[in-house]
Amino acid sequence: MRYIDTHTHLDCPDFDADRDKVISNAKSFGVERILIMGITASNWDRLWQLVLSDQALFGAFGLHPIFLDAHRDEHIDRLQQRLATLVDHPQCCAVGEIGLDYFLPELNRERQQTLLEAQLQLASDFNLPVLLHVRRAHAPMIATLKRFGLHRTGIVHAFSGSREEAREYIKLGFKLGLGGAATWPQAKRLRRTLAELPRSSLVLETDSPDMAPSFQAYQRNSPEFLPEICRQLAELRGETTETLAQACLNNSCELFGWSSTEL
Ligand SMILES: [Zn+2]
């Protein structure tokens with residue numbers, strides 16, 4: 001079986017000691033492509049160097065809402081310049097990780113909104129998909145996306161919203177990223193929602209090194225765990241691992257404009 005991990009932070013120091021081994025293990029388990037997120041202007045160089053070291057790696061560039069304090073207005077200009085240089089590079093795949101986080105009260109919501117909209121505009125200008133972080137902020141995110149009407153949509157990463165919110169994103173053409181969160185028996189609502197989501201709107205992710213699955217509780221998460229995550233999610237949905245894995249692969253390829261036969 002073949003997989004794409006649509007959301008990782010593989011450039012994190014957590015992987016410094018054994019990154020090559022993690023990547024080669026993941027590949028040997030069928031994880032053929034791994035996306036790495038930009039989070040602040042200061043990680044873009046590091047992540048791009050890493051991406052260039054291996055054709056299975058793909059980079060996204062963005063300003064993550066959680067690191068609001070690190071972002072400056074001129075970083076939007078730098079993002080614009082970087083995307084202008086790399087937009088045609090086959091390993092530059094999206095604008096992300098960007099979004100809205102209303103879970104952490106210290107993050108100024110107006111400033112988050114301003115940054116989000118500036119980056120959605122760049123995604124639209126460069127015709128790139130977006131990789132979204134949304135916590136307790138689905139209503140304002142859905143309203144913003146409706147206003148923008150992006151031609152190339154994207155992924156709502158680590159989706160944990162309601163069935164109604166899922167429906168809204170799907171109507172807008174977005175995919176929902178699923179990973180380790182739903183492997184936890186305590187995640188009752190997510191597990192119920194997950195079982196009802198249309199297969200055509202799902203993609204797989206780990207969010208490594210974060211969001212460890214229940215079978216690796218409180219450990220470093222890794223793209224190596226994606227096949228087992230997929231197996232457990234498929235079981236929850238009452239379908240075979242093959243069916244879910246293939247659908248998620250196809251959905252990812254469709255979103256990023258990749259041919260699923262030539263990975
Ligand atoms: Zn992330």
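Structural notes, computed from the coordinates. Every chain's residues receive numbers from 1 upward, in the order its sequence appears when written. pLDDT decides what is reported in this predicted model: residues at 70 or higher carry local features, side-chain atom pairs at 80 or more are listed and counted, and totals for whole chains, interfaces and linings draw on all residues regardless. Derived side-chain values reflect all non-hydrogen atoms in the structure, with water molecules and hydrogen atoms excluded from consideration.

This paragraph deals with the overall build of the chain. Helix and strand assignments come from DSSP, with helices taken as H or I runs of at least 4 residues and strands as E runs of at least 2, each series counted from the N terminus. Helix and strand counts for the chain stand at nine helices and eight strands. Against the 2.2 N^0.38 benchmark of 18 Å for 263 residues, the chain shows a C-alpha radius of gyration of 17 Å, consistent with a compact globule. Referenced to the eigenvectors of the C-alpha coordinate spread, the extents of the chain come out at roughly 45 × 40 × 35 Å. Taken over 263 residues, the chain has a buried fraction of 57%. Between two residues, a contact is recorded if the distance between any of their heavy atoms is within 4.5 Å. Within the chain, contacts between residues at least 6 apart in sequence are counted, and of these 71% link residues at least 24 apart. We get accessible surface area from the Shrake-Rupley algorithm with a probe of 1.4 Å; when it comes to residues, only the shown protein chains can shield them. Put simply, the chain shows about 11500 Å² of open surface, and 48% of that area lies on carbon and sulfur atoms. When we talk radius of gyration, it's over C-alpha atoms, and the globule rule is simply 2.2 Å times the number of residues to the 0.38. Using a 1.4 Å probe on the protein chains alone, a residue whose accessible area is under 20% of its type maximum counts as buried, one over 50% counts as exposed, and one in between counts as partly exposed.

Looking now at the coordination of the zinc ion. Four donors placed tetrahedrally around a metal ideally meet at 109.5 degrees, and six donors placed octahedrally ideally meet at 90 or 180 degrees. Coordinating donors are taken to be N, O and S atoms lying within 2.8 Å of the metal, or within 3.2 Å when the metal is Na, K or Ca; because water is excluded from the atom set, some sites may appear incomplete. Ligation of the zinc ion by protein atoms is provided by His7 (NE2), His9 (NE2) and Glu97 (OE), these donors lying 2.1 to 2.2 Å from the ion. Along the chain, the residues donating to the zinc ion fall in the pattern H-x1-H-x87-E. Grouping residues by exposure puts His7 and His9 together as buried.

Counting buried positions along strand S4 (residues 92-101) yields 10 of 10 residues, so the element is predominantly enclosed. At least two DSSP bridges between two strands are needed for those strands to be called paired. The pairing of strand S3 (residues 57-61) with S4 spans three bridges and is parallel. Of the residues in S4, the one forming a bridge with Ala60 is Ala94. Both S4 and strand S5 (residues 130-135) contribute to a ladder of six bridges, which runs parallel. Bridge pairing in S5 places Ile98 opposite Leu132.

Planes of paired rings set the category: under 30 degrees apart is stacked, over 60 is edge-to-face and the rest tilted, where pairs are Phe, Tyr or Trp rings (Trp by its six-membered ring) whose centres lie within 6.5 Å. Inspection of the entire model under this criterion finds seven aromatic pairs. Ring centres of Trp48 and Phe61 lie 5.7 Å apart, and the angle between their planes is 55 degrees; this geometry places the pair in the tilted category. Placement of the pair is Trp48 in helix H2 (residues 44-52) and Phe61 in strand S3, with a sequence separation of 13 residues. In this structure, Trp48 and Phe61 share a single accessibility class: buried.

A few words on the nonpolar core. In this structure, Leu10, Phe61, Val130, Leu132 and Tyr169 are the most contacted members of the largest nonpolar core, which totals 67 residues. Sort the elements by how many residues they give to this core and helix H4 (residues 109-126) lands first, with six residues. Not counting the four nearest positions on each side in its chain, Leu10 is found in contact with Phe15, Arg19, Val22, Ile23, Ile34, Ile36, Leu50, Leu57, Ser208 and Pro223. Residues belong to one nonpolar core when they are buried, are Ala, Val, Leu, Ile, Met, Phe, Trp, Tyr or Cys, and are joined through side-chain atoms within 4.5 Å. Counting 16 residues, the second largest nonpolar core, distinct from the first, contains Leu35, Ile39, Ala60 and Cys253.

To continue, consider the pairing of strand S1 (residues 3-8). The element S1 is largely enclosed, with a buried count of six among its six residues. Pairing geometry for S1 and strand S2 (residues 31-36), over four bridges, is parallel. Paired with Asp5 across the strands is Ile34, a residue of S2.

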